[in-house]
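Analysis of the macromolecular model
Below are the chains, spelled out letter by letter.
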Amino acid sequence: MKVAHLTSVHPRYDTRIFIKMTSSLAQHGYSVSLVVADGKGDEFKNGVAIIDVGIKQGGRLSRITRTVAKVFIKAKELDAEIYHLHDPELIPIGLKLRKLGKKVIFDAHEDLPKQILSKAYLNKNVAKALSYLAFLFENLTLKKFDAIVTATPYIRDKFKKINSNVVDVNNYPKIEEFTVESDWPSKSNQITYIGGITQVRGICELIKSLEYINKDTRLALVGSFSEPQLYDEVKRYQGWNKVDELGWLDRLGVNNILSQSIAGIVTLHKTINYKDALPVKMFEYMAAGITVISSDVPLWQDIIEDANCGLCVDPQSPKAIAKAIDYLISNPEEAKRMGENGRKAALTKYNWKIEEQKLITLYKQLLP
């Protein structure tokens, strides 16, 4: 049974699309293609045929016209039975594929209207207008799709108002990727941040918090800065001398860093876009058996307090972040207990194996 996942934006080894979804489908016997636009050429990996339509040229307008057109041409050539789209700009070609008699799924990684409202570079009135247009666009088009997959229950409930076939496939970790360090005393006085590095994800406050910590603690910073000027700014902070800048790491590298750490940081700002989100890194820290230091977003606080696996702080208070770090470093037994609790929660509830079954069930429903 031929299925094709399409993206004009995401990297070929995207965790949700490649590591989890397409690899899982291939393991369950589907003939899977993944169409990307990165200029790195075609390859076959994890049972998935990765097909490259060429590097994105020009700016955003070119991406949503020329690149999308190339993706559509390649999608038609594949002649798959199910097409799974991962970017809002691909919705128009999803409608064309529906007219060709194909089964089409849209994957809502984020709440697009809320995401637009959170863009700091947009004028507030312009952002509101664009957000409303995105809302109308989704409501007019996605009701025509065969199914909608969402990354969170909140987005699922939103789309249920316009489409009867909506399922949340949460971006929880693959447990087998994470090993737990049993010899806790051998761990370094190290905390870790993993993911994209932006101002709204709390990097400024996190680096400043290192100025206030009492212990000889270091921050392992894994990821890439999206803004060069932000990188230049935080390097001037006093706390930067306690940072080990590691850049992008593969899955094995991430596991190694987490196994050496006491806690993982997810102190994203409490923007409208994050209020109902489920940060992947939070669940990866739990899967790795380390304590979570999280923003006090009510949804995240409920998860962490229910599992008793971490501490929640004001993400825009460097002193509050520092206090949480100091507490865990000074109380290793408590940190270990919280880490073990997080691991248990990941094993029983927050893991990809459970979400994978939702995805496979949906595909079987569309093509019995």
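Only a predicted model underlies this, so the values are computations on that prediction, with no experimental measurement involved.

Notes on the overall build of the protein
Each helix and strand in the protein was counted, giving 14 helices and 14 strands. For 368 residues, the compact-globule estimate of 2.2 N^0.38 gives 21 Å, and the C-alpha radius of gyration of the protein, at 21 Å, lies within 12% of that figure. In terms of overall dimensions, the protein has a C-alpha envelope of 65 × 45 × 40 Å along the principal axes. Here the protein, with 368 residues, has 55% of them falling under the buried criterion. Pairs at least 24 residues apart make up 67% of the contacts formed inside the protein by residues separated by at least 6 positions. Put simply, the protein shows about 16400 Å² of open surface, and 52% of that area lies on carbon and sulfur atoms. Charge-centre separation for the protein: the mean point of 51 positive side chains lies 6 Å from the mean point of 43 negative side chains.

What to know about the sheet that holds strand 1 (residues 2-6)
If you walk across this open sheet you meet the eight strands as 3-4-2-1-5-6-7-8, and the pairing is mixed. For this open sheet the edge positions go to strand 3 (43-45) and strand 8 (166-168), each flanked by a neighbour on one side alone. Neighbour-to-neighbour, the strand axes of this sheet turn through a mean angle of 20 degrees, independent of strand direction.

What to know about the environment of Val 266
In this fold, Val 266 is placed in strand 12 (residues 263-266). A residue is classified by how much of its surface remains accessible, and Val 266, at 0% relative accessible area, is buried. The sequence separation of Val 266 and Gly 202 amounts to 64 residues, and the corresponding C-alpha distance is 8.2 Å. Excluding anything up to four places from it in sequence, Val 266 contacts Pro 279, Lys 281, Met 282, Tyr 285, Val 292, Ile 293, Ser 294, Ser 295 and Trp 300.

Observations regarding the pairing of strand 5 (residues 82-85)
Neither face of strand 5 is open: one carries Ile 82 and His 84, the other Tyr 83 and Leu 85, and all of them are buried. Pairing analysis gives four bridges linking strand 1 to strand 5, with the strands arranged parallel. Its bridge partner lying in strand 5, Ala 4 is registered against Tyr 83. Bridge count for strand 5 against strand 6 (residues 103-108) is four bridges, and the pairing is parallel.

Quick look at the packing of aromatic side chains
For the coordinates displayed, the defined rule picks out nine aromatic pairs. Between Tyr 30 and Tyr 363, the aromatic rings sit 5.7 Å apart at their centres with planes inclined by 75 degrees, giving edge-to-face as the arrangement. Taken together, the residues Tyr 30 in the loop between helix 1 (15-27) and strand 2 (31-36) and Tyr 363 in helix 14 (residues 352-366) connect sequence positions 333 residues apart. The exposure class assigned to Tyr 30 is buried, which follows from its relative accessible area of 10%. Geometrically, the ring pair formed by Phe 225 and Tyr 231 is tilted, given 4.8 Å between the ring centres and 55 degrees between the ring planes. Owing to a relative accessible area of 21%, Tyr 231 belongs among the partly exposed residues under this scheme. The positively charged end of Lys 45 is found above the aromatic ring belonging to Tyr 13, 4.3 Å away from the centroid. The ring of Phe 72 carries Lys 96 above its face, with NZ or CZ at 5.1 Å from the centroid.

What counts and what doesn't
Each chain has its residues counted from 1, running along the sequence as written. The predicted nature of this model means local features are confined to residues of pLDDT at least 70 and side-chain atom pairs, given and counted, to a pLDDT of 80 or more, with totals for whole chains, interfaces and linings taken over all residues. As a rule here, side-chain values come from all non-hydrogen atoms in the structure, and water together with hydrogens is ignored. Helix and strand definitions follow DSSP, with helices as H or I runs of at least four residues and strands as E runs of at least two, each counted in order from the N terminus. Throughout, radius of gyration means the C-alpha value; the globule benchmark is 2.2 Å times the number of residues raised to the power 0.38. Partly exposed describes any residue whose relative accessible area lies between the buried limit of under 20% and the exposed limit of over 50%, with all areas from a 1.4 Å probe on protein chains only and scaled to the type maximum. Only heavy atoms enter the contact rule, under which two residues are in contact if any of them lie within 4.5 Å. In these tables, accessible area is a Shrake-Rupley quantity obtained with a 1.4 Å probe, and a residue counts as shielded only by the protein chains included in the view. A residue counts as positive if it is Lys or Arg and as negative if it is Asp or Glu; His and the chain ends are not included. Charge placement uses NZ in Lys and CZ in Arg. For Asp and Glu, CG and CD serve respectively. Here, any two strands with at least 2 DSSP bridges between them count as paired. The axes are straight lines fitted to the C-alpha atoms, using for helices just the contacting stretch, and the angles between their N-to-C directions are given from 0 to 180°. Only centres within 6.5 Å qualify two rings of Phe, Tyr or Trp (six-membered ring in Trp) as a pair; their planes then separate them into stacked at under 30 degrees, edge-to-face at over 60, and tilted for everything else. Both a distance and an angle decide whether a charge sits over a ring: NZ of Lys or CZ of Arg must be within 6 Å of the ring centre and within 35 degrees of the ring normal.

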